[in-house]
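# Observations on the three-dimensional arrangement
Chain by chain, the residues run as shown.
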Amino acid sequence: MTLERSESREALFEAAADRIATAAAAAIRRSGRFHLALSGGSTPRGLYALLASDPHAARIEWPRVHVFWGDERCVAADDPASNQRMAREALLDHVPVPSAQVHAIRGDQEPTAEAARYEQELREAFATPAGPPRSAADARFDLVLLGLGEDGHTASLYPGSPAVREPRRWVLAERAPKLSAWRITLTPLVINAASVVVFLVSGREKAAILRRVLCEPRQSEPLPAQAIRPRDGELHWLVDAAAASALDSPPASPSGGRRR
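Procedures and definitions
Chains are numbered independently. Their residues run from 1 in the order of the written sequence. It should be noted that, the model being predicted, local features are given only for residues of pLDDT at least 70 and side-chain atom pairs only at 80 or more, the latter also being counted only at that level, while totals for whole chains, interfaces and linings use all residues. Computation of side-chain values covers all heavy atoms of the structure but excludes hydrogens and water. Every helix listed is a DSSP run of H or I at least four residues long, and every strand listed is a run of E at least two residues long, numbered separately from the N terminus. Exposed residues in this analysis have more than 50% of their type's maximum accessible area, buried residues have under 20%, and partly exposed residues fall in between, with area computed by a 1.4 Å probe over protein chains only. In the analysis that follows, any N or O atom pair within 3.5 Å is treated as a polar contact, provided that within protein one partner can donate a hydrogen and the other can accept it, and provided that, for residues neighboring in sequence, both atoms belong to side chains. Both cavities and pockets are sets of points on a 1 Å grid over the protein atoms alone; in a cavity a 1.4 Å probe fits but cannot get out, in a pocket the set is open with protein on both sides within 12 Å along at least five of seven lines, and lining residues sit with an atom within 4 Å of a point. Grid points are joined across faces, edges and corners, and a volume is the space filled by probe spheres set on the points. As a working rule, the residues Ala, Val, Leu, Ile, Met, Phe, Trp, Tyr, Cys and Pro are called nonpolar, Asp, Glu, Lys and Arg charged, and the rest polar, with Gly in that last group. Two aromatic rings from Phe, Tyr or Trp, using only the six-membered ring of Trp, form a pair when their centres are within 6.5 Å; if the ring planes differ by under 30 degrees the pair is stacked, by over 60 it is edge-to-face, and anything between is tilted. What counts as an axis is a line fitted to C-alpha atoms, over the stretch in contact for a helix, and the angles between N-to-C directions run from 0 to 180 degrees. Each angle receives one of four descriptions, namely roughly parallel if under 35 degrees, roughly antiparallel if over 145, roughly perpendicular if within 65 to 115, and oblique otherwise. With the far helix as reference, a near helix turned anticlockwise by less than a right angle produces a left-handed crossing, and one turned clockwise produces a right-handed crossing. Should any heavy atoms of two residues lie within 4.5 Å, those residues are counted as being in contact. Pairing between two strands requires that DSSP report at least two bridges joining them.

### Side note on the side chain of serine 161
Here serine 161 is to be found in the loop between strand S5 (143-146) and strand S6 (171-176). A residue is classified by how much of its surface remains accessible, and serine 161, at 9% relative accessible area, is buried. Among the polar contacts made by the side chain of serine 161, one reaches the side chain of glutamate 174 at a distance of 2.5 Å.

### So, empty space enclosed by the protein
Following the criterion strictly, the structure yields one cavity of 30 Å³ or more and no others. Within this model, the largest cavity holds a volume of roughly 30 Å³. The wall of the largest cavity is formed by Phe126, Pro133, Ala139, Arg140, Phe141, Val190, Ala193 and Ala194. Its residues placed into classes, the lining of the largest cavity shows seven nonpolar, no polar and one charged.

### Regarding the packing of aromatic side chains
All chains considered together, the criterion is met by four aromatic pairs. Judged by centre distance (5.0 Å) and plane angle (85°), the ring pair of phenylalanine 126 and phenylalanine 141 falls under edge-to-face. Here phenylalanine 126 is found in the loop between helix H4 (111-125) and S5, whereas its partner phenylalanine 141 is found in the loop between H4 and S5, with 15 residues between them in sequence. Accessibility assignment for this pair places phenylalanine 126 and phenylalanine 141 in one class, buried. On the basis of an interplanar angle of 5° and a centroid distance of 3.9 Å, the ring pair of phenylalanine 199 and tryptophan 237 is categorised as stacked. Taken as a pair, phenylalanine 199 in strand S8 (residues 196-201) and tryptophan 237 in strand S9 (residues 234-240) lie far apart in primary sequence, 38 residues in all. By relative accessible area, which is 0% here, phenylalanine 199 ends up buried. On the accessibility criterion, tryptophan 237 (2% relative accessible area) is buried.

### Re the packing of helix H1 (residues 9-31) against helix H2 (residues 44-51)
At a closest axis distance of 9 Å, the pairing of H1 and H2 adopts a crossing angle of 60°. It follows that H1 is oblique to H2 by the angle criterion. Considering how the two elements wind past one another, H1 and H2 form a crossing that is right-handed. Within the contact between the two elements, H1 uses Phe13, Glu14, Ala16, Ala17 and Ile20 and H2 uses Gly46, Leu47, Leu50 and Leu51. Classifying every residue of the contact of H1 with H2 by side-chain character gives seven nonpolar, one polar and one charged.

### Points about the sheet that holds strand S4 (residues 71-73)
Read across the open sheet, the three strands follow the order S4-S7-S6; overall the sheet is antiparallel. Each of the sheet's edge strands pairs with one partner strand only, and the pair in question is S4 and S6. Each strand axis lies, on average, 25° off the axis of its neighbour in the sheet, ignoring direction. Relative to strand S7 (residues 181-186), S6 is paired through six bridges, and the arrangement is antiparallel.

Right, dumping it as structure tokens:
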């Protein structure tokens, strides 16, 4: 695990764009394609716009990119709350990713049925018709981008949700109790099989929860973000100075990894 602090939100996005471009190049060298799972929410919009701009857009072979989502709100694709809509407006409408390689969650469908359909789409993409995710090249996400909520949630994995401990399914439909709304989310089972997982955290309002996630011991019921621990991959926390303001010192690494 690594923790990288940036002095500003703009520098944070630059660091994340560099991380994504590096992962894309490595994956394309390895297997000829780059499987990327995007995050929703407000924080990554600026990152997506940066990736779509020069010189960053030229660093990625977009025709070899396959785009997925870590979660989606159960709304129509043109709804202002749609993660898909945000990513299209900020990034995908501006780079040459073939439409057949954009694997959207259909938020306007019945949630449980759509979760099952999306899991099947993932299994077909990763040539894993049954069983747990595999760590072979081209059989897992090359990079999963995640955010962090003030309650410790990530993707649409909320505190107390059964999805956090799901042992078998890759995708679940969950009703977020505080929001009284349905969400469809990847589970830690498939996220933790990724080659690279990147958390993008910005803002002073995230400082307290970032400290809890990184510095406090895991409880018997861990915060959802604490359940993200890639079993055969890298975990990177990219945070800006405001989000890192409650960290008195770099947190101890559970695996002895480096810190920057």
